[in-house]
Amino acid sequence: MEGTEDPEGSAGSGNDSPGGAEGAGTPADDGDQHARPKKKQRSFWKELPILVGIALVLALLIKTFLVQAFSIPSDSMQNTLQEGDRVLVDKLTPWFGSEPERGEVVVFHDPDGWLRGEPTLEPNAVQRVLGWIGLMPSAEEKDLIKRVIGVAGDTVECNGTGPLKVNGKALNEPYVYPGNTPCTVDDTGGQFKVKVPEGKIWVMGDHRQNSLDSRYHQNDSNKGMVPVNQVVGRAIVVAWPPTRWSTLPIPDTFDQNLSAAAPGVLGLAGAVPLVLWRRRRLSAAESPRVTGTGTAG
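J.: Hey, could you go over the overall build of the protein for me, with residue numbers and the actual values?
T.: Looking only at helices and strands, the protein has four helices and twelve strands in total. Counting only residues that meet the buried cut, the protein has 32% of its 297 residues in that class. A total accessible area of about 18700 Å² is found for the protein, and carbon and sulfur atoms account for 58% of it.

J.: Which residues make up the pairing of strand β2 (residues 86-90), and what values go with them?
T.: The pairing of strand β1 (residues 67-71) with β2 spans five bridges and is classified as antiparallel. Among the inter-strand pairings, V67 is bridged to a residue of β2, identified as D90.

J.: So, the nonpolar core: which residues are in play, and what are the values?
T.: Of all hydrophobic cores here, the largest spans 17 residues; its most connected members are I149, V156, L164, F192 and W202. Those elements giving two or more residues to this core turn out to be β5 (155-158), β8 (192-195) and β9 (200-204). In terms of nonpolar packing, the next biggest core, distinct from the first, is built from 13 residues, F70, V107, I145 and L248 among them.

J.: Outline the state of the cysteines, supporting the account with residue identities and numerical values.
T.: According to the stated counting rule, one finds one disulfide in the structure shown. There is a disulfide in this structure between C158 and C183, and the S-S distance comes to 2.0 Å. As the torsion about the S-S bond is roughly -75°, the C158-C183 disulfide counts as left-handed. Of this pair, C158 sits in strand β5 while C183 sits in the loop between β7 (169-170) and β8, and the two are 25 residues apart along the sequence.

J.: So what's going on with a nonpolar patch on the surface? Which residues, and what values?
T.: On the surface, a cluster of nonpolar side chains totalling about 460 Å² of accessible area is made up of L66, L92, W95 and F96. Along the chain, the position of L66 falls in the loop between α2 (44-65) and β1.

J.: Give me the lowdown on the pattern of salt bridges, citing residues and values where you can.
T.: This structure, assessed with the given rule, holds six salt bridges. In this structure, the salt-bridge partner of R244 is D85, at a minimum N-O distance of 2.8 Å. Taken together, the residues R244 in the loop between β11 (231-240) and β12 (246-247) and D85 in the loop between β1 and β2 connect sequence positions 159 residues apart. Overall, the relative accessible area of 25% leaves R244 in the partly exposed class. Across the pair D206 and R147 runs a salt bridge whose closest N-O atoms are separated by 2.8 Å. Residue D206 is found in the loop between β9 and β10 (226-227), and its partner R147 is found in strand β4 (residues 143-150); the two are separated by 59 residues along the sequence.

The rules behind the values
- Residues numbered from 1 in each chain as written.
- Predicted model: local features only at pLDDT ≥ 70, side-chain atom pairs only at ≥ 80, totals over all residues.
- Heavy atoms only, no water.
- Helix = DSSP H or I, 4+ residues; strand = E, 2+ residues; numbered from the N terminus.
- Buried < 20%, exposed > 50% of the residue type's maximum accessible area, 1.4 Å probe, protein only.
- Areas by Shrake-Rupley, 256 points an atom, 1.4 Å probe, with all protein chains shown as cover.
- Pairing = 2+ DSSP bridges.
- Core = buried A, V, L, I, M, F, W, Y, C linked by side-chain atoms within 4.5 Å.
- Disulfide = S-S within 2.5 Å.
- Patch = residues over 30% accessible without salt bridge, like charges linked within 9 Å, V, L, I, M, F, W, Y side chains within 5 Å.
- Salt bridge = Lys/Arg side-chain N within 4 Å of Asp/Glu carboxyl O.

In structure tokens form, the structure reads like this:
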């Protein structure tokens, strides 16, 4: 009896273990499946509007604070820029208080009716939206693009056909349109001598004989100057068409010391020896009197 019980017990034990494992495991697995159902992947078409919305918000932020595209409407900046070029403008640095520098190509809002009478293209609905978010140049904004020649404190002058001078120093201007003279001989603004006040800049086009720039607006409220707070930013690259891709660096001619403060510093340096010489003369003139008085006493 013991012999038969042992095999039965062994068999029973062996059957119970697998059976128990199945019995314990199967319900638990079913429970896990019910407790943590697999998430269905969101379809592409449902995610697309979210992605488009994020892209539009990012594009708007980039346009507002970083970079914006602008279209060149005329030939006033030839050959640096051609009509129809698309340039990217750095809008970030002005937020940190950076002001335009000599030689930069800048985009600025119309300061005082410079574009009065110019035709304005009427954009369609798609162009309006793309222009608003910065994916296309805005056709409604009244903006111009020129090169900064003078900043606050500078004296800019043109006599005859040139050269153009800043603080008495002649500029070598290789960017001027071939065949043009740096200065234009006319009586409507081509001959001038101006001093740039604080908060303003003096701008000129590279196509000197085809640019209605600061020279020809000296009778407006800003006397031809552009207020710094009207500057959108610096044009940094020609982005379109691909065959025209190039950067827009500051020309080497503006690397020379053009500062209006330089003459004052030189004047101070020249005055020091004169003051010392005068003091020596006064000392020499006073010495005999002191000696004579002392001797007489």
